[in-house]
Structure formats: C-alpha cells, structure tokens
Amino acid sequence: MLKATCIVGSARANGSCNYLVDSVIRGMQESGIETKKYCIGEMKIQYCCGQKKCYTDGKCVYNDDVKQIVKDMIESDIVVMAAPSYWAGVPGQLKVFFDRCTPYGDTDPNLKKTKKGIAIAVRAGVREAENELILDSIDHYFGHMAIETVEKISVCQTDSLEDLLTKHQDKIEEAY
C-alpha cells in the first residue's frame, strides 16, 4: 500500500492550507493511499541551535516532533506540503522545520528512496510571483529530502477559508 505524509506548514490548523491538504488526502484515501497529516503550528519543534553536531553523527541534539514527522516522510511514497505566504516566504514555523531536517536529508548516506512531492502555496495577494517563491522553497527542501516535486498548486487572492471556498473551487478540485 502506498503511504503519504501531508504537512500543513501554517501556524493555523483550520485555514485554507489545511483545507487544500484535506482535499488531497480525500483523493488519496479514495485511491487506497494511507495518509498521515501534521500541522506544523501544532507541533513541538525546537529552533536549530547551529552547533552542527548533526553534520558528523547524523543525529539532532533535540528530541521533539521533528523525528516522528521525518520518520513518516522517509517511510512514505508521497509527501504533500502546503504553506501560506508570510511576506512572500514560508512561515517561520515551516522554516524552522526545514532547518531541523539537516541530519535527515541528503547529507545522510542512507537516504535512498525517492518520493513524489506535491507543493501548495496560498496567499492573499494577486501576484503569482510571490507564490512561486514559496513553491520554490518547498521544491528546494524536497530536493534535499530525496523528494521529486511532481505537482505545484498556487492559489492567490485567498485571505480566508471563505475566500478559498467561494473563489477557488477549481483549485480545491485540482488538489483533490
């Protein structure tokens, strides 16, 4: 059975990013794919302390939720990640998660299994270029984690879940 790990990279677990990830999950579950979802804003994740011990021993000095999320990602065939735009970038919580994945990424010689990735970006404004920065950040992270980005979904003019539901049924269907 295929497995997917889905990550809502938002501080809020009930907004547009979460709704889109849930749409992806519904489609996957109907296809028989086993899914797990994490909302980064609800997880216990320490900031990287920058001591670089992980460069030599492949282990992080912290024992928090990052280890479980990464374990599930490594065991998955598909990784879905959605992020809202915070000043044309990923939210700080998601960036902290990215930083903490150094010992689990391509610096680990045991990282072999290539996974498929879906990147989703949501923003209130109209400029698609700002969502591209977010999608590129997720794609960059995926690259270091042996995840091949196979789909990118960009949603603009969405300041609330209500905006998503009333203006972007096409994007919800695309995610599904």
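Below: a short report on this structure.

Conventions and cut-offs
Residues numbered from 1 in each chain as written. Predicted model: local features only at pLDDT ≥ 70, side-chain atom pairs only at ≥ 80, totals over all residues. Heavy atoms only, no water. Buried < 20%, exposed > 50% of the residue type's maximum accessible area, 1.4 Å probe, protein only. Helix = DSSP H or I, 4+ residues; strand = E, 2+ residues; numbered from the N terminus. Pairing = 2+ DSSP bridges. Axes fitted to C-alpha atoms, helices over the stretch in contact; angles between N-to-C directions. Contact = heavy atoms within 4.5 Å. Arc of directions from axis to C-beta. Phe/Tyr/Trp six-rings, centres within 6.5 Å; stacked < 30°, edge-to-face > 60°. Salt bridge = Lys/Arg side-chain N within 4 Å of Asp/Glu carboxyl O.

Structural notes on the pairing of strand 3 (residues 78–84)
- Of all 7 residues that make up strand 3, 7 are buried, and the element is covered over most of its length.
- Here strand 3 shows no split at all, with Ile-78, Val-80, Ala-82 and Pro-84 on one side and Val-79, Met-81 and Ala-83 on the other all buried.
- Note that strand 1 (residues 3–8) and strand 3 share 5 bridges and pair parallel. Paired with Ala-4 across the two strands is Ile-78, which belongs to strand 3.
- In this sheet, strand 4 (residues 115–122) lies alongside strand 3 in parallel orientation, the contact comprising 7 bridges. Bridge pairing in strand 4 links Ala-82 to Ile-120.

Regarding unusual backbone geometry
- Positive phi values are uncommon outside glycine, yet Ala-88 reaches one of about 65 degrees.
- By the element assignment, Ala-88 lies in the loop between strand 3 and helix 4 (92–100).
- Despite not being glycine, Gln-157 shows a phi value in the positive range, around 55 degrees.
- With respect to the element layout, Gln-157 can be found in the loop between strand 5 (147–155) and helix 6 (161–167).

Re the sheet that holds strand 3
- Read from one edge of the open sheet, 5 strands run 2-1-3-4-5, paired in parallel fashion. Two strands bound the open sheet, and with one partner strand each, they are strand 2 (34–39) and strand 5. Strand-to-strand twist in this sheet, taken as the mean axis angle between neighbours without regard to direction, amounts to 15 degrees.
- The strands touched by helix 5 (residues 128–144) within the sheet are strand 3, strand 4 and strand 5, with strand 5 carrying the most contacts at an inclination of about 160 degrees.

Notes on helix 3 (residues 65–74)
- Listing the buried residues of helix 3 in full gives Val-66, Ile-69, Val-70, Asp-72 and Met-73. Viewed end-on, helix 3 has its buried residues packed into an arc of 160 degrees, placing them on one side of the element.

Regarding the side chain of Asn-18
- Topologically, Asn-18 is positioned in helix 1 (residues 16–30).
- Accessibility expressed as a relative area gives 9% for Asn-18, which makes it buried.
- Residue contacts for Asn-18: discarding those within four places in its chain leaves Val-8, Ala-13, Lys-37 and Cys-39.

So, the packing of aromatic side chains
- Counted by the stated rule, this structure contains 3 aromatic pairs.
- On the basis of an interplanar angle of 50 degrees and a centroid distance of 5.9 Å, the ring pair of Phe-97 and Tyr-141 is categorised as tilted. On the criterion of sequence distance, the pair formed by Phe-97 in helix 4 and Tyr-141 in helix 5 is long-range, its members being 44 residues apart.
- Phe-97 sits in the buried class, given a relative accessible area of 0%.
- Seen from their ring centres, Phe-98 and Tyr-141 are 4.3 Å apart, and the 10 degrees between their planes marks the pair as stacked. Here Phe-98 is found in helix 4, whereas its partner Tyr-141 is found in helix 5, with 43 residues between them in sequence.
- Chaining the aromatic ring pairs together yields one cluster made of Phe-97, Phe-98, Tyr-141 and Phe-142.

Focus on the pattern of salt bridges
- Inspection of every chain in the model, using the stated rule, returns 12 salt bridges.
- Two residues, Lys-116 and Glu-148, come together in a salt bridge whose shortest N-O distance is 2.7 Å. With Lys-116 in strand 4 and Glu-148 in strand 5, the pair connects residues that are 32 residues apart, well separated along the chain.
- The exposure class of Lys-116 is partly exposed, given its relative accessible area of 38%.
- Connected through shared salt-bridge partners, Arg-123, Arg-127 and Glu-130 make up one network.

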